[in-house]
Amino acid sequence: PFNLEQKDSSTATIISDLQFGKKYRWRYAGIKAGNVMDWKGPYNFEIITDSFPEKNIISLRVLKNDTANTDGFIVLDCTHSAVDRNGKTVWYLPKINWHLIPDRKKFEMRPQILDLAITPYGTVTFLSDSDAFECDLQGNITWQAPNDGKVSGNGNEGYNHDFKRLPNGNFMVLGVEQWKKLPARYDTALLNKKFPLRQMRNGKEFAEVEFGTIIEYNRKKEIAWSWNSDNYFDKDWLSPVRDSSDYELRAHMNAFSVDKKNEFVYAGFRDIDRIIKINKKTGQVVNSWGDRLPGGEARQPGFFHKQHDAKILDDGTIALFNNNNHPPVDSPSSVVIFSQPTGRVEWQFNCHFDTLPEQRHGLSGGNVDELKNHHLLVCMGNGDRVFEITRNKQIVWDAVIESNENMAYRFFHRLYRAHYISSLYPCYFTCQTDKDTVTQKSPAFTLKIFNEGTEDDSYNIKISSSKGAYQKQLTSVILHSNRSASFEIKPIQTPSSSDNIQIVISSKTNPDSIWKMFVEYVK
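Section: the pairing of strand β31 (residues 395–403)
- Along β31, 7 of the 9 residues are buried, which leaves the element largely enclosed by surrounding structure.
- Pairing of strand β30 (residues 385–389) with β31 involves 5 bridges; the strand directions are antiparallel. Across the sheet, the residue bridging to R385 is V400, located in β31.
- If you look at the hairpin formed by β30 and β31, you'll find 5 residues sitting between the two strands, and K393 has a positive phi there, around 70°.

Some details on the side chain of S333
- Locating S333 in the fold gives a position in the loop between β25 (318–322) and β26 (334–338).
- Note on S333: relative accessible area 0%, which makes it buried.

Topic: the packing of aromatic side chains
- Per the counting criterion, the structure on display carries 19 aromatic pairs.
- With 6.3 Å between their ring centres and 15° between their planes, W143 and F163 make a pair best called stacked. In this pair, W143 is assigned in strand β14 (residues 141–144) and F163 in strand β15 (residues 163–165), connecting sequence segments 20 residues apart.
- Note on W143: relative accessible area 3%, which makes it buried.
- A centroid spacing of 6.2 Å and a plane angle of 45° characterise the contact between F445 and Y470, whose relative ring orientation is tilted. Of the two residues, F445 sits in strand β36 (residues 445–451) while Y470 sits in the loop between β37 (459–465) and β38 (472–475), which places them 25 residues apart along the sequence.

Regarding the sheet that holds strand β6 (residues 73–76)
- Taken in spatial order, the 4 strands line up as β8-β7-β6-β33 in an open sheet, and their pairing is antiparallel. Looking at strand neighbours, the two that pair on one side only are β8 (89–92) and β33 (418–421), the edges of this open sheet. The average angle at which neighbouring strand axes cross in this sheet is 25°, direction not considered.

Remarks on the pattern of salt bridges
- One pass over the full model with this rule turns up 21 salt bridges.
- In this structure, R219 engages E134 in a salt bridge whose closest nitrogen and oxygen atoms are separated by 3.3 Å. Pair noted here: R219 is in the loop between β18 (204–217) and β19 (223–228) and E134 is in strand β13 (residues 131–135), with a separation of 85 residues, a long-range link.
- When its relative accessible area of 30% is taken as the criterion, R219 is described as partly exposed.
- E134 gets classed as buried once you look at its relative accessible area, which sits at 1%.
- Note that D162 and K164 form a salt bridge whose closest N and O atoms lie 2.7 Å from each other.

Looking at a nonpolar patch on the surface
- Nonpolar side chains collect at one region of the surface, where W26, Y28, Y43 and F45 lie side by side and expose about 400 Å² of accessible area between them.
- For the nonpolar patch, the elements supplying multiple residues, two or more each, are β1 (23–28) and β4 (40–46).
- By the secondary structure assignment, F45 is in strand β4.

Here's the deal with the sheet that holds strand β34 (residues 429–433)
- If you trace the 3 strands from one edge of the open sheet to the other, you get β34-β36-β39, paired in antiparallel fashion. For this open sheet the edge positions go to β34 and β39 (484–489), each flanked by a neighbour on one side alone. Within this sheet the neighbouring strands show an average axis-to-axis angle of 20°, counted without direction.
- Here 5 bridges tie β34 to β36, and the two strands are oriented antiparallel to one another.

Concerning unusual backbone geometry
- Here the bond from G41 into P42 is cis, since omega is 10°, no more than 30 degrees from zero.
- You can see P42 is positioned in strand β4.
- In this structure, P341 follows Q340 across a cis peptide bond, with omega equal to -5°.
- Position of P341 among the secondary structure elements: in the loop between β26 and β27 (345–350).
- Unlike most non-glycine residues, D273 shows phi in positive territory, near 55°.
- Turning to its location among the elements, D273 is positioned in the loop between β21 (264–269) and β22 (274–279).

Scoring rules and cut-offs
- Every chain is numbered on its own, with residues counted from 1 as its sequence reads.
- Restriction of local features to residues with pLDDT of at least 70 applies here, the model being predicted, together with a cutoff of 80 or more for giving and counting side-chain atom pairs; totals for whole chains, interfaces and linings are based on all residues.
- To obtain the side-chain values, all non-hydrogen atoms of the structure were used and water was disregarded.
- Burial classification: accessible surface area is computed with a 1.4 Å probe over protein chains only, and a residue below 20% of its type maximum counts as buried, one above 50% as exposed, and the rest as partly exposed.
- Comment: elements are numbered from the N terminus, with helices defined as DSSP H or I runs of at least four residues and strands as E runs of at least two.
- Any two strands with at least two DSSP bridges between them are considered paired.
- Note on aromatic pairs: the rings of Phe, Tyr and Trp (six-membered ring only in Trp) are paired at centre separations within 6.5 Å, and the planes decide the class, stacked below 30 degrees, edge-to-face beyond 60, tilted for the rest.
- Helix axes use the C-alpha atoms of the stretch in contact, all axes being lines fitted to C-alpha atoms, and the angles between their N-to-C directions lie in the range 0 to 180 degrees.
- Salt bridges, as used here, are contacts in which a Lys or Arg side-chain nitrogen is within 4 Å of a carboxyl oxygen on Asp or Glu.
- Only residues whose relative accessible area exceeds 30% and that form no salt bridge are eligible for patches; like-charged ones are grouped when within 9 Å, while nonpolar side chains (Val, Leu, Ile, Met, Phe, Trp, Tyr) are grouped when within 5 Å.
- The method behind every accessible area is Shrake-Rupley, applied with a 1.4 Å probe, and residues are considered shielded solely by the protein chains displayed.

So this is what it looks like as structure tokens:
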């Protein structure tokens with residue numbers, strides 16, 4: 001049996017090493033002046049088991065782990081789960097549907113989830129069947145992108161590849177313009193060359209295209225900012241047709257990131273080997289890197305091909321996963337970091353692993369996350385490998401995704417992205433007061449805030465009372481993980497009888513995380 005007694009000076013504590021599929025009973029008691037007060041409980045709960053791991057369809061095998069003293073989990077979209085450094089599942093996204101697709105003599109199973117991440121705000125974001133969601137750890141949807149076609153001009157936005165919650169609380173997601181309304185007058189020969197696939201809708205002619213869009217929504221699902229690559233590329237050069245035989249000229253966008261000041265968006269176009277820098281205020285492309293082709297000049301051609309990710313790092317450099325799968329060259333995928341504005345390669349690592357030479361390529365997918373210690377977590381996409389590497393190019397953690405080939409059906413796992421998170425509770429706090437009631441002789445009380453999360457945070461505090469004796473607004477200093485701060489609260493005037501004091505505290509990292517408390521004034 002699992003028995004644990006744990007003491008914590010705050011009003012919450014994290015219990016580790018609980019198991020899926022187990023039932024637990026718990027109780028708690030306060031400690032005052034060194035004495036244990038009356039016990040509350042017992043209460044019961046159960047941790048349900050995900051049916052996916054039980055089927056033994058796919059697993060993560062850790063090849064190397066030199067990070068024994070390193071916290072944090074790895075979130076894998078292909079298994080809709082998070083694992084620790086030993087490969088043990090610590091969380092999974094529930095309520096997931098699966099597609100069962102005939103594939104010759106076998107069946108192919110595909111999860112709906114793409115770009116799964118646990119955010120620094122303690123929420124979960126993911127793409128599922130062209131929709132973008134945020135939910136809590138239990139899978140309850142807290143936000144969904146509207147997908148109404150206001151940017152694309154079509155019936156939906158075609159969300160794909162990349163979805164993030166931004167530090168300002170907004171959400172940003174990639175979309176696609178799939179159909180473009182044609183002008184009333186046009187050159188027929190040019191039109192047939194550029195737009196061979198067309199159809200009539202309500203008496204108007206539309207052409208099938210593939211231009212990428214980037215959309216930023218606020219929490220009210222209003223468009224805060226958007227951008228369409230249709231306004232960037234030279235349409236006389238670019239072939240926007242989605243099934244064009246001239247595949248190399250498709251404007252297929254698959255990644256973006258935003259700088260800390262929220263001034264620039266960096267976007268990656270896989271098929272034309274290009275990354276661009278967009279000024280959010282003007283919508284103009286102010287720099288670009290990759291192949292020099294019409295439709296916007298780019299710097300330093302030839303150092304990446306069919307790339308994924310376009311990650312702006314803390315020092316202002318840009319990281320990408322270079323899939324490098326361009327025929328007829330047979331070279332390994334690589335991680336590339338280059339500088340702005342020149343595009344000079346500052347750091348590169350070739351993913352040619354001798355132990356598993358067949359996995360040196362990631363033909364699609366892949367990303368790079370920068371950790372707090374400036375190590376890099378690299379996902380090789382459908383190369384089915386995830387590893388952590390130092391800036392001295394020492395691999396300290398290495399794991400591969402493996403499937404059971406003896407199954408009656410073939411499982412198509414398609415690892416697309418992997419993300420790091422410091423814990424399941426990166427943003428979490430509690431608070432308490434030293435008194436439940438105050439009096440005229442002793443009207444002051446102390447408020448204490450505990451940062452229970454694994455990320456630094458600060459807090460907005462608002463004190464108010466029904467009759468105005470207590471009025472105060474302040475912001476705490478930045479609290480590191482497992483640190484606390486105390487505040488002495490005094491009335492601004494002599495309190496009157498039955499004055500209820502309300503305390504509202506919100507996280508600056510996640511303003512949706514709010515604690516409300518009350519202290520009563522007793523005459």
